[in-house]
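Listed here are the chains, written in short residue letters.
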Amino acid sequence: MTNSAIAQNLINGEWLGAADTQRMNPARPGKLAVVSPSSSAETLDQAISAAVDAQVGWAEMPMPARGAILITAGNLLFERKRAIAEDLVREEGKTIAEALGEVGRAIDVLRFFGSLGWAPTGEVLPSGTPDTTIYTRREPLGVVGLITPWNFPIAIPAWKTAPALISGNSVVLKPAELTPMSATHLARALADAGLPAGVLNIVHGKGRIVGDALARDNRVAGLSFTGSTAVGLGLHQILSERRARVQLELGGKNGVLVLDDADPRKAAKVVAAGGFGLTGQACTATSRVYYTPGIRQAFLDALAEEAGNFAPGDGLEHDTKMGVVVSDNQFAQNQAAVNGAIGRGATRLVGRHDENGLRFSPTVLTDIAHDDAAVREEIFGPVVAALEVADYEAGLAAINDSRYGLTAGICTDSLATSTDFARRAQAGVIKVNRPTSGLDLNVPFGGVKDSSTNTFREQGRTALDFFTWGKTVYTGI
Ligand code: NAD
């Protein structure tokens with residue numbers, strides 16, 4: 001183990017906290033990946049105090065100067081990219097190619113929001129009164145709390161932290177317990193880039209201790225959370241009761257509709273990339289696919305063949321195509337979901353599981369009922385339920401028959417049908433002939449129903465809305 005695999009808290013510019021909690025490498029039984037502090041609510045209190053003290057000075061720094069710090073941090077991550085990606089693989093289990101892509105995303109996010117330091121922040125409006133100028137301003141919320149999951153352990157902290165900082169907020173970040181190191185690298189790059197003490201604080205520890213206290217603290221003006229629906233809905237209640245701003249990005253059960261006029265091989269590639277890429281551990285992963293009768297055989301044959309390209313293994317080995325499952329718990333959850341469906345009559349078209357090193361092969365379930373738990377509930381593994389529907393209308397209805405609405409896809413050659421689908425599918429992101437997972441950094445991202453608060457979107461310029469409030473100014477002479 002190298003020194004870089006010790007994650008500490010960052011509070012008021014100082015690296016603190018006894019690294020007392022071990023995280024083992026999910027691909028290599030018995031190998032330590034990282035140690036981190038299991039912090040108390042008192043430690044969190046110190047971090048919030050530091051954020052309060054630092055916020056006004058930070059907001060008063062000219063916005064281009066704030067942006068320059070973000071860009072410098074992006075450049076530092078760029079220099080450290082390979083080492084950070086390797087730490088990410090050791091703690092999360094994805095492939096090194098996926099990890100390099102994710103660190104690349106964090107770099108681009110810092111550069112993108114840094115460049116917004118020079119962008120307009122309001123507008124000038126005409127006035128009905130002579131000699132009067134009206135303009136709008138965006139003001140920071142103050143101190144914001146960020147709580148992040150393990151599945152994109154550096155990209156999600158980056159795409160919340162960067163818009164929060166460029167807007168003039170100070171931040172307290174609580175990363176996932178399973179992946180403390182990746183977010184620590186982000187904080188380290190920002191600190192090394194010259195971010196003033198207290199502007200970004202990072203506190204590791206348990207969600208129900210540190211995360212809960214962060215949500216309840218009245219000095220925290222807003223909380224942006226990405227994680228499970230169950231935890232998110234609980235936080236929503238806490239934040240709503242104290243009338244603080246809250247943004248939730250939660251689970252998904254993303255479906256793809258494959259129509260007779262699609263190319264079966266291309267459709268299979270789209271579904272396999274969305275379902276098995278990132279070990280299926282993406283909120284935008286494809287976990288349901290519906291096909292019309294005419295394409296059934298050709299599509300399922302092609303999907304089974306594609307699944308063979310995603311053999312699971314240690315993400316640090318060069319030829320590994322799919323990483324391991326993040327934890328024993330998640331592995332057991334995947335297994336229980338698949339075995340439960342088979343017990344209720346489903347057929348496993350492909351898939352096998354090896355607990356040693358948490359290798360869970362891509363799994364396709366057929367002969368499965370529309371109301372089966374494996375079709376309705378998020379599994380968060382490389383498991384796709386494949387179901388037949390009579391026609392386009394039945395497929396659209398099946399896609400929409402879900403408590404979730406994050407992403408939805410369609411594979412078709414018809415522009416008219418895909419345009420209709422884009423209008424009527426109930427999801428925040430629609431993909432035509434493209435995998436449900438994977439978005440550019442400049443596009444609004446979020447869902448409807450139980451997938452999101454469906455108020456403020458993340459990513460791109462839209463992300464600034466959550467972290468600011470609007471003011472209208474009249475100036476007369
Ligand atoms: P999780 O809800 O268990 O944990 C997420 C974060 O919340 C962690 O930092 C955790 O420590 C913290 N937490 C847990 N209990 C808490 C509590 N009581 N109070 C405050 N904080 C608490 O989720 P996870 O297992 O880390 O991530 C997987 C989930 O995240 C999946 O459901 C996935 O769909 C979702 N996700 C959603 C998106 C999106 O953008 N919609 C993106 C990635 C992941």
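1. Focus: the site of the ligand
And then number 1: Lining the immediate environment of the ligand, one finds 28 residues, of which Lys 174, Glu 177, Ser 228, Leu 250 and Glu 378 sit closest.
And then number 2: Here an oxygen atom of the ligand sits 2.6 Å away from a polar atom, N or O, in the side chain of Glu 177.
And then number 3: Here a nitrogen atom of the ligand and a backbone polar atom of Leu 250 are 2.7 Å apart.
And then number 4: Compared with its free state, where it exposes 850 Å², the ligand has 86% of that area covered by protein.

2. Details of the sheet that holds strand E12 (residues 254-258)
And then number 1: Strand order in the open sheet made by the seven strands is E14-E17-E18-E13-E12-E20-E21, with mixed pairing throughout. Strands at the two margins of the open sheet, each flanked by one partner only, are strand E14 (347-350) and strand E21 (429-432). Neighbouring strand axes in the sheet, compared pairwise and without regard to direction, differ in orientation by 25° on average.
And then number 2: Sheet strands touched by helix H13 (residues 392-400): E12, strand E13 (286-291) and strand E20 (407-411). Its angle to E12, the strand with the most contacts, is close to 175°.

3. Re the nonpolar core
General note: in soluble globular proteins, nonpolar side chains tend to be found buried as a group.
And then number 1: By size, the foremost hydrophobic cluster in this structure holds 60 residues, and its most contacted members are Leu 77, Phe 113 and Leu 190.
And then number 2: Formed jointly, this core draws a minimum of three residues from each of two domains, domain 1 (3-250 + 452-476) and domain 2 (254-432).
And then number 3: Other than its neighbours up to four places away in sequence, Phe 113 contacts Leu 70, Ala 162, Pro 163, Ile 166, Gln 459, Gly 460, Ala 463 and Leu 464.
And then number 4: Core analysis: the next-biggest nonpolar cluster, separate from the first, contains 31 residues, Ile 368, Ala 374, Ile 410 and Ala 427 among them.

4. Topic: the sheet that holds strand E5 (residues 124-125)
And then number 1: Taken together, the three strands give an open sheet; going across it, the order is E5-E6-E23, and neighbouring strands pair in antiparallel fashion. Here the strands that pair on one side only, and so sit at the sheet edges, are E5 and strand E23 (468-476).
And then number 2: Bridge count between strand E6 (residues 132-140) and E23: nine bridges; the pairing is antiparallel. Bridging across to E23, Glu 139 finds its partner in Trp 469.

5. Re the domain arrangement of the protein
And then number 1: By the assigned domains, the protein splits into domain 1 (3-250 + 452-476) and domain 2 (254-432).
And then number 2: Taking only C-alpha atoms into account, the centre of domain 1 sits 31 Å from that of domain 2.
And then number 3: Each partner contributes to the interface: domain 1 provides 22 residues, whereas domain 2 provides 26 residues.
And then number 4: Regarding the contact of domain 1 and domain 2, the summed buried area is about 1900 Å², with carbon and sulfur atoms giving 61% of it.
And then number 5: Inspection of the domain 1/domain 2 interface yields one salt bridge.
And then number 6: Across the salt bridge formed by Asp 314 and Arg 28, the nearest N and O atoms sit 2.5 Å from each other.

6. Observations concerning unusual backbone geometry
And then number 1: Not every positive phi belongs to a glycine, and Leu 358 is a case in point at roughly 50°.
And then number 2: Within the element layout of this structure, Leu 358 appears in the loop between strand E15 (353-354) and strand E16 (359-360).
And then number 3: With relative accessibility at 6%, the residue Leu 358 sits in the buried group.

7. Brief notes about the environment of Ile 368
And then number 1: Within the secondary structure layout, Ile 368 lies in the loop between strand E17 (363-366) and helix H12 (373-376).
And then number 2: The class for Ile 368 is buried, based on a relative accessible area of 10%.
And then number 3: Between the C-alpha atoms of Ile 368 and Arg 344, which are 24 residues apart in sequence, the distance is 8.2 Å.
And then number 4: Among all residues touching Ile 368, those that are not within four sequence positions of it are Ala 341, Ala 346, Ala 374, Val 375, Ala 385, Ala 386 and Leu 387.

Conventions we followed
Residues numbered from 1 in each chain as written. Predicted model: local features only at pLDDT ≥ 70, side-chain atom pairs only at ≥ 80, totals over all residues. Heavy atoms only, no water. Near = heavy atom within 4 Å. Polar contact = N/O pair within 3.5 Å; in protein donor to acceptor, adjacent residues only side chain to side chain. Areas by Shrake-Rupley, 256 points an atom, 1.4 Å probe, with all protein chains shown as cover. Pairing = 2+ DSSP bridges. Helix = DSSP H or I, 4+ residues; strand = E, 2+ residues; numbered from the N terminus. Axes fitted to C-alpha atoms, helices over the stretch in contact; angles between N-to-C directions. Contact = heavy atoms within 4.5 Å. Core = buried A, V, L, I, M, F, W, Y, C linked by side-chain atoms within 4.5 Å. Buried < 20%, exposed > 50% of the residue type's maximum accessible area, 1.4 Å probe, protein only. Domains from an automatic or database assignment. Buried area = accessible area lost by both parts, 1.4 Å probe. Salt bridge = Lys/Arg side-chain N within 4 Å of Asp/Glu carboxyl O.

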